[in-house]
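Listed below are the residues making up each chain.
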Amino acid sequence: MTDQTSSPLVSVILPTRNRAQLLTRALKSILAQTYSRFEVIVVDEGSSDATPDVVQSLKDPRIQYIRQEVVRGPGGARNVGIKSAQGELFSFLDDDDEYFGDKLRLQVRAMGESLTSVGFVYSPVRTVRDGQPMDLFPTFEESGNIFLQYLSGFSFPITATLVRRQCMVPFDEKLTCLEDVDFHLKILKSVTTVFAPGVCAICNLDSKGKRLSENLASLHNSFRLLERRYFNDPKDSFLVHAHADLLLRFAFRLFALGYKDEAARNYIDRAFSVRKD
């Protein structure tokens, strides 16, 4: 697939709030893409810092800036961006993350070289915290229908993906975090997926400014909602094992994020309890 005007337009959705010092890096990583057929939709949830100035300073007509005063969270902001998007394909970037230069080109090519039934592409990411690499998203290289594997905890962040418009679903705004996990599960349940090799992005974690996904109370509440939604048949042996695997992997992720107390151990205990029952 060549990078010409006949190539599909990619809509990159970027929600932000009071992250002006990080937003420049994220936006420049999009503008530096070797694939040029894209638009960027920045959804600003009432920032009180220099966010509007950062966007304006780049002076790129491919950037659309949407400001809303009501804070709806990352899922709600992405929903606003999706409604304004014109693209045939969708990509996402958080304001503290960054793409590698070939991210869009390689994933658009993977989508174009696949069957028309393919609606979802994902690639590995590099996770960094305070400059140090983390093994937060172990490499997972499966194609086809990967819903059950993802449900078992073999997850990847939304920054890693490219989605066909026909396969898009809205984000659940009730989820204050893990909304990307729910988004992926809803899509992967019925869509054929292709793995595109090559690290596509950097997920930056800063211990001085934690993400909402590292807020422990929000994590617990969102995780319980997902459990009720996807593990609702105790007689399904695969779901039982998948539930236990997810609990274990979630516990290990909490350990990696620095929660080495009862919070993480509780998920390990629950995993053994689920499998035992």
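Look up: the structure comes first, before these words.
So, here is what we can say about the structure in this document. Source: prediction; values computed, not measured.

1. Some details on the pattern of salt bridges
Turning to step 1, where the next piece is worked out: Tallied over the full model, the rule gives 15 salt bridges.
Turning to step 2, where the next piece is worked out: The residue Arg-19 makes a salt bridge to Asp-95 at a minimum N-O spacing of 3.1 Å. Of this pair, Arg-19 sits in the loop between strand 1 (10-16) and helix 1 (20-31) while Asp-95 sits in the loop between strand 4 (89-92) and strand 5 (98-99); the two residues are 76 residues apart in sequence, bridging distant segments of the chain.
Turning to step 3, where the next piece is worked out: In this structure, Glu-98 and Arg-25 form a salt bridge, with 3.6 Å as the shortest nitrogen-oxygen distance. In this pair, Glu-98 sits in strand 5 while Arg-25 sits in helix 1, placing the two residues 73 residues apart along the sequence.
Turning to step 4, where the next piece is worked out: By sharing partners, the salt bridges in this structure join Asp-172, Lys-174, Asp-182, Lys-186 and Arg-229 into a single network.

2. With respect to the pairing of strand 7 (residues 125-129)
On any regular strand, side chains alternate: one points to one face of the sheet, the next to the other face.
Turning to step 1, where the next piece is worked out: With 4 of its 5 residues buried, strand 7 lies for the most part within the structure.
Turning to step 2, where the next piece is worked out: Pairing of strand 7 with strand 11 (residues 201-205) involves 5 bridges; the strand directions are parallel. Looking across to strand 11, one finds that Arg-126 is bridged to Ile-202.
Turning to step 3, where the next piece is worked out: Of the pairings in the sheet, the one linking strand 7 to strand 8 (residues 132-134) comprises 3 bridges and is antiparallel in character. Following the sheet pairing, Arg-129 is matched in strand 8 by Gln-132.
Turning to step 4, where the next piece is worked out: Where strand 7 folds back onto strand 8 in an antiparallel hairpin, the turn is made up of 2 residues, including Asp-130, whose phi is positive at roughly 50 degrees.

3. A closer look at the packing of aromatic side chains
Turning to step 1, where the next piece is worked out: On inspection of all chains with the given rule, the structure shows 12 aromatic pairs.
Turning to step 2, where the next piece is worked out: Look at Tyr-122 and Phe-156: their rings are 4.4 Å apart centre to centre, the planes differ by 15 degrees, and that puts the pair in the stacked class. Here Tyr-122 is found in strand 6 (residues 118-122), whereas its partner Phe-156 is found in the loop between helix 5 (147-151) and strand 9 (161-164), with 34 residues between them in sequence. Each member of the pair, Tyr-122 together with Phe-156, is buried.
Turning to step 3, where the next piece is worked out: On the basis of an interplanar angle of 80 degrees and a centroid distance of 5.2 Å, the ring pair of Phe-223 and Tyr-267 is categorised as edge-to-face. Here Tyr-267 lies in helix 9 (residues 262-276) and Phe-223 lies in helix 7 (residues 216-230), a separation of 44 residues in the sequence. No difference in accessibility class separates Phe-223 from Tyr-267, as the two residues are buried.
Turning to step 4, where the next piece is worked out: Counting every residue linked through ring pairs, the aromatic cluster contains Phe-120, Tyr-122, Phe-140, Tyr-150, Phe-154, Phe-156 and Phe-195.
Turning to step 5, where the next piece is worked out: When the ring centre of Phe-154 is taken as origin, the NZ or CZ atom of Arg-249, which lies over that ring, is 3.9 Å away.

Thresholds applied
Residues numbered from 1 in each chain as written. Predicted model: local features only at pLDDT ≥ 70, side-chain atom pairs only at ≥ 80, totals over all residues. Heavy atoms only, no water. Salt bridge = Lys/Arg side-chain N within 4 Å of Asp/Glu carboxyl O. Helix = DSSP H or I, 4+ residues; strand = E, 2+ residues; numbered from the N terminus. Buried < 20%, exposed > 50% of the residue type's maximum accessible area, 1.4 Å probe, protein only. Pairing = 2+ DSSP bridges. Phe/Tyr/Trp six-rings, centres within 6.5 Å; stacked < 30°, edge-to-face > 60°. Lys NZ or Arg CZ within 6 Å of the ring centre and 35° of its normal.

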